Every structure is written in structure tokens, then in C-alpha cells.
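Understanding the architecture of this molecule
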Amino acid sequence: SRKYSTKTSKRIVSDLRSLLCFLLLDGQISHPLAGAVPTVACWRYGSLPRALESQSVRRLLQSCDRRTAAGLRDHAILTLLARLGLRRGEIAGLELDGIDWRQGVIKILGKGARPQRLPLPPDVGKTLTADLCRGRPASTNRRVFLSLRPPRGSMNPTGVGQVVHRACRRAGIPSVGPHRLRHTIATEMLREGASLPEVAQVLRHQSILTTAIYAKVDRTALRTVAQPW
């Protein structure tokens, strides 16, 4: 199991137990052996969220060649990930009609298809404007981000992930997924003194328990609690 992730190991163990139960019922073994298969240790909130250093985020953004349509699109996607902490599915589903330029607000479909409104910071608005005016191909499709290859359909969440992977290769850093930039926002906010409820509001977590995992990365604050104990 050292070669596999915890999730994959749990699935293999479950399959093995099912096989042993079948063999018992089919008469191919004489004793129940499923109980002898050990469980895979997996504790909820047992891992640490891993964030990128601010220098690595800058290198990702600077790796985009904004003289090309692909570079403008990728820069806009990476900026949304790095500045607003959007999920890959939220970026893929972003609609042109969801951008309110006058009010400085964007509307997205969050987790569970919940409509949500987020502020549109000026720097994020500029990158979107650059992509829409100079990079995005002409299309009747109302999605903001399109594939640049014919038939130029909407980008899907997998495509958003590929944008991040390509940027990592260009920037010369280990490959990460879009969610790593979401972790980075939360970590940076805590380092700057934000509270967990404030982080939960930015990341749009329904439960504060989901945000609580980020408390473990604020080692300076944890030290002040742990040392008196």
C-alpha cells in the first residue's frame, strides 16, 4: 500500500473483503477471513493542507505569455484561483452574464449548485477584461472560458486543472492542482491575522469545521496555546 494513496488503499481493502466473503459463500474457503483484513488508518482532518509559497504563485502567473490567446486565458484562470479561491468547477461554469461590471460582482454556482455572489477586485477584473477583449475567440457560447481548439466549446473542470499543471511545468515547480491555490489563500489569510470565520466566509464553507483544519497551519498562534499547556 506504500505505492497508493489512502483513498486507493481503502478501496483495495474493501474489494479484498468482498472477495473473501464471496469465496466463503461459494464454498471455496472454509473459514471467514474478511475480518483478518486490517483497516486502513485514515483520520478525518488528520492531514495538513499544503500551501504554495507566494513566490511560487507569482511564478505561476508570470509563466503565462499574455501576448497569446492561450496565455491571456490561462492568466485569467490562475488569477481567479489565486485571488478568489474559486473551485475548478466554479471557474469552468462561469457565465458572461454572471459578471456585473458596474457593481463589481461576479455570480457563480458554488458547491451543490448554490448561486453565490463574490466581489470582483480591480486586478481580477483587468485580467478578465484582457482575456475577453483580446484572447477569447468569437463565439455565441456564454461561458467565459472556452477551449481554443475547434469546435471551441466550454472548458470543463479537467481543463482548468490542466491549465494549472501546464503553468507548473513552465514555472519549474512541482505539479499541483487548482485546490492547492485555495489552500494558499486560507494559509496567507491566517498569517496576516484573519480569523477562522473570516477564512470560512472567503472560501464559502458551509461548516466552520471544514475551515478548522487550517488552524493547524498557523503554527505561530498554535505555539502560544500549546506552550502554556
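What you see is a predicted model; the values in this text were computed from it and never measured.

Next up on the list: the overall build of the protein chain. Tallying secondary structure elements over the protein chain gives 10 helices and 3 strands in all. Taken from the N to the C terminus, the helices and strands of the protein chain come in the order α-α-α-α-β-β-β-α-α-α-α-α-α. Radius of gyration (C-alpha) of the protein chain: 22 Å, far over the 17 Å computed for a compact globule of 229 residues. Once the C-alpha set of the protein chain is aligned to its principal axes, its extents read approximately 70 × 55 × 35 Å. Expressed as a percentage of its 229 residues, the buried residues of the protein chain come to 39%. For the protein chain, contacts bridging at least 24 residues in sequence account for 55% of all contacts bridging at least 6. Carbon and sulfur atoms form 54% of the exposed surface of the protein chain, whose accessible area is close to 14300 Å².

A few words on the nonpolar core. One finds Leu 60, Ile 77, Leu 78, Leu 80, Ile 91, Leu 128 and Phe 145 to be the most contacted residues of the largest nonpolar core, which totals 34 residues. Elements with a minimum of two residues in this core: α2 (54–62), α3 (69–84), α4 (88–92), β2 (105–109), α5 (122–135) and α6 (157–171). Among the elements that take part in this core, α3 stands out by supplying 7 residues, more than any other. Contact partners of Leu 80, with chain neighbours within four places excluded, come to Gly 85, Leu 86, Ile 91, Leu 94, Val 124, Leu 128 and Phe 145. Formed by 9 residues, the second largest nonpolar core is a distinct cluster that contains Ala 194, Val 199, Leu 203 and Ile 213.

The 3 strands lie next to each other as β1-β2-β3, forming an open sheet whose pairing is antiparallel. The open sheet has two edge strands, β1 (99–100) and β3 (115–119), and neither has a second partner. Note: β1 against β2, 2 bridges, orientation antiparallel. Pairing of Ile 99 across the sheet is with Ile 106, part of β2.

All right, on to the pattern of salt bridges then. Per the stated rule, a full pass over the model turns up 8 salt bridges. Among the ionic pairs, Asp 65 bridges to Arg 67, the shortest N-O distance being 2.9 Å. For Arg 67, a relative accessible area of 76% corresponds to the exposed category. Linked by salt bridges that have partners in common, Arg 87, Glu 90 and Arg 204 make up one network.

The bond known as a disulfide is covalent and runs between the sulfur atoms of two cysteines. One pass over the structure, following the stated rule, counts 0 disulfides. Note on Cys 168: no disulfide assigned, nearest cysteine sulfur contributed by Cys 64 at a separation of 11 Å.

α3 packs onto α2 with a crossing angle of 155° between their chain directions and a minimal axis gap of 9 Å. Taken as axis vectors, α2 and α3 run roughly antiparallel relative to one another. On α3, the residues that touch Val 57, Leu 60 and Leu 61 of α2 are His 75, Leu 78, Thr 79 and Ala 82. Residue composition of the contact of α2 with α3, by class: 5 nonpolar, 2 polar and no charged.

A few words on unusual backbone geometry. With an omega dihedral of 5°, the bond running from Pro 150 to Pro 151 counts as a cis peptide bond. Mapped onto the fold, Pro 151 is located in the loop between α5 and α6. Not every positive phi belongs to a glycine, and Arg 152 is a case in point at roughly 55°. Topologically, Arg 152 is positioned in the loop between α5 and α6. Positive phi outside glycine occurs at Arg 204, with the angle close to 65°. Locating Arg 204 in the fold gives a position in the loop between α8 (196–203) and α9 (208–212).

On the secondary structure map, Asp 131 appears in helix α5. The charged side chain of Asp 131 is buried without a salt bridge, its nearest counter-charge being Arg 136 at 6.1 Å. Ignoring any residue separated from it by four or fewer positions in sequence, one finds Asp 131 in contact with Ala 69, Leu 72, Arg 73, Ala 76, Arg 136, Val 144 and Phe 145.

Conventions adopted
- Residues numbered from 1 in each chain as written.
- Predicted model: local features only at pLDDT ≥ 70, side-chain atom pairs only at ≥ 80, totals over all residues.
- Heavy atoms only, no water.
- Helix = DSSP H or I, 4+ residues; strand = E, 2+ residues; numbered from the N terminus.
- Rg over C-alpha atoms; globule rule 2.2 N^0.38 Å.
- Buried < 20%, exposed > 50% of the residue type's maximum accessible area, 1.4 Å probe, protein only.
- Contact = heavy atoms within 4.5 Å.
- Areas by Shrake-Rupley, 256 points an atom, 1.4 Å probe, with all protein chains shown as cover.
- Core = buried A, V, L, I, M, F, W, Y, C linked by side-chain atoms within 4.5 Å.
- Pairing = 2+ DSSP bridges.
- Salt bridge = Lys/Arg side-chain N within 4 Å of Asp/Glu carboxyl O.
- Disulfide = S-S within 2.5 Å.
- Axes fitted to C-alpha atoms, helices over the stretch in contact; angles between N-to-C directions.
- Parallel < 35°, antiparallel > 145°, perpendicular 65-115°, else oblique.
- Nonpolar A, V, L, I, M, F, W, Y, C, P; charged D, E, K, R; others polar.
- Lys, Arg positive; Asp, Glu negative; His and termini not counted.

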